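The lines below spell out each chain.
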Amino acid sequence: MRRPVIAGNWKMYKTQEETRAFFAAFKPLVPATPDCDVIVAPPFTSLAAAAAAAHGSSITIAAQNAYWEREGAFTGEISVRMIADAGGKAVLIGHSERRQFFGETDETVLKKTKAALAAGLTPIVCIGEKLAEYQAGKTQHVCETQFLAGSNSLTPEEFSRILLAYEPVWAIGTGHTATPEIATAVHKFLRSCAAARFSESLAASLRILYGGSVKPDNIKGLMAQEELDGVLVGGASLDPKSFASIVKDWPR
Ligand code: PEP
């Protein structure tokens, strides 16, 4: 019922030339009409190059961050309108690296989400607990708080256009993937939060991605779980072959 999503977050990797080389290698490796949505999030400077390289394919280009104001004296920031102008159709919001290193809060996540929605971009809203919170048994509390604050004041129509990514911080870039069972339990919990906050039907159609050290050799176990609607892939999305194998290994 929910169309799967495989999204790649390139973080601060790849120049424009490297971006073009990636797509030249990646496009022939994936089906022209894959059974899932494929999203690639390059750095801002490679957005237009990625959009041009992906042109004519079903690959969606996303930014990794955005600012909520339309324009103005905000040195170093990029607006959702600029992202759309560069060919972006989606945007990661609230990635844990932005929360940890760049002062992102649930309040700024909400502002960015609303700005992205208003510009017609798909927000991919990231939430997840830190290692100490996981060890203290606070996963649900943290995820619920981030989910509620980050979706606070969204209308049901707006909420229906977001993608949610559950990314336990202890699993990102560490090689320690959450087990399919751990991820499933959190996804189920988040779906119940969405049902309580919005409605059963919106919760049932919400696509929730898992992120955290997803690799070609663990994708099958994760995707066998019905609750997981896709994955957000960091390191393994940088290599065309490994990202293509994650796209192709989607169990059908
Ligand atoms: C990410 O950047 O969102 C991520 C999940 O990274 P990695 O796959 O490298 O853990």
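The text that follows walks through the structure, step by step, so that each part is easy to find.

Scoring rules and cut-offs
Residues numbered from 1 in each chain as written. Predicted model: local features only at pLDDT ≥ 70, side-chain atom pairs only at ≥ 80, totals over all residues. Heavy atoms only, no water. Helix = DSSP H or I, 4+ residues; strand = E, 2+ residues; numbered from the N terminus. Rg over C-alpha atoms; globule rule 2.2 N^0.38 Å. Buried < 20%, exposed > 50% of the residue type's maximum accessible area, 1.4 Å probe, protein only. Contact = heavy atoms within 4.5 Å. Near = heavy atom within 4 Å. Polar contact = N/O pair within 3.5 Å; in protein donor to acceptor, adjacent residues only side chain to side chain. Areas by Shrake-Rupley, 256 points an atom, 1.4 Å probe, with all protein chains shown as cover. Salt bridge = Lys/Arg side-chain N within 4 Å of Asp/Glu carboxyl O. Phe/Tyr/Trp six-rings, centres within 6.5 Å; stacked < 30°, edge-to-face > 60°. Lys NZ or Arg CZ within 6 Å of the ring centre and 35° of its normal.

Right, let's talk about the overall build of the protein for a bit. Helices and strands together make up the secondary structure of the protein, namely twelve helices and eight strands. Since a compact globule built from 252 residues should have a radius of gyration of about 18 Å, the 17 Å found for the protein is in line with a globular shape. Here the protein holds 252 residues, and the buried ones make up 53% of them. The long-range share in the protein, meaning contacts at least 24 apart out of those at least 6 apart in sequence, stands at 71%.

For the rest of this paragraph, the subject is the site of the ligand. In the neighbourhood of the ligand, 15 residues make up the surrounding shell, with Lys11, Glu167, Gly173, Ser213 and Gly234 lying closest. In this structure, an oxygen atom belonging to the ligand sits 2.7 Å away from a side-chain N or O atom of Glu167. Taking Gly234, its main chain carries an N or O atom lying 2.8 Å from an oxygen atom of the ligand. Out of a free accessible area of 290 Å², the ligand has 97% covered by protein chains.

What follows covers the pattern of salt bridges. This model, assessed by the stated rule, comprises eleven salt bridges. In this structure, Lys11 engages Glu97 in a salt bridge whose closest nitrogen and oxygen atoms are separated by 2.7 Å. On the criterion of sequence distance, the pair formed by Lys11 in the loop between β1 (5-9) and α1 (16-26) and Glu97 in helix α4 (residues 96-101) is long-range, its members being 86 residues apart. Relative accessible area serves as the criterion here: at 22%, Glu97 is assigned to the partly exposed category. Put simply, Asp106 and Arg99 hold a salt bridge, and the shortest N to O gap is 2.7 Å. We note that Asp106, like Arg99, is buried.

What follows deals with the packing of aromatic side chains. Scanning all chains against the criterion turns up twelve aromatic pairs. Seen from their ring centres, Phe22 and Phe23 are 5.3 Å apart, and the 80 degrees between their planes marks the pair as edge-to-face. A cation over an aromatic ring shows up here: Lys14 above the ring of Trp10, its NZ or CZ 5.3 Å from the ring centre. Looking at Arg197, its charged tip hangs above the ring of Phe198, at a distance of 4.2 Å from the centre.

Scope: geometric values only; no functional claims are made or implied.
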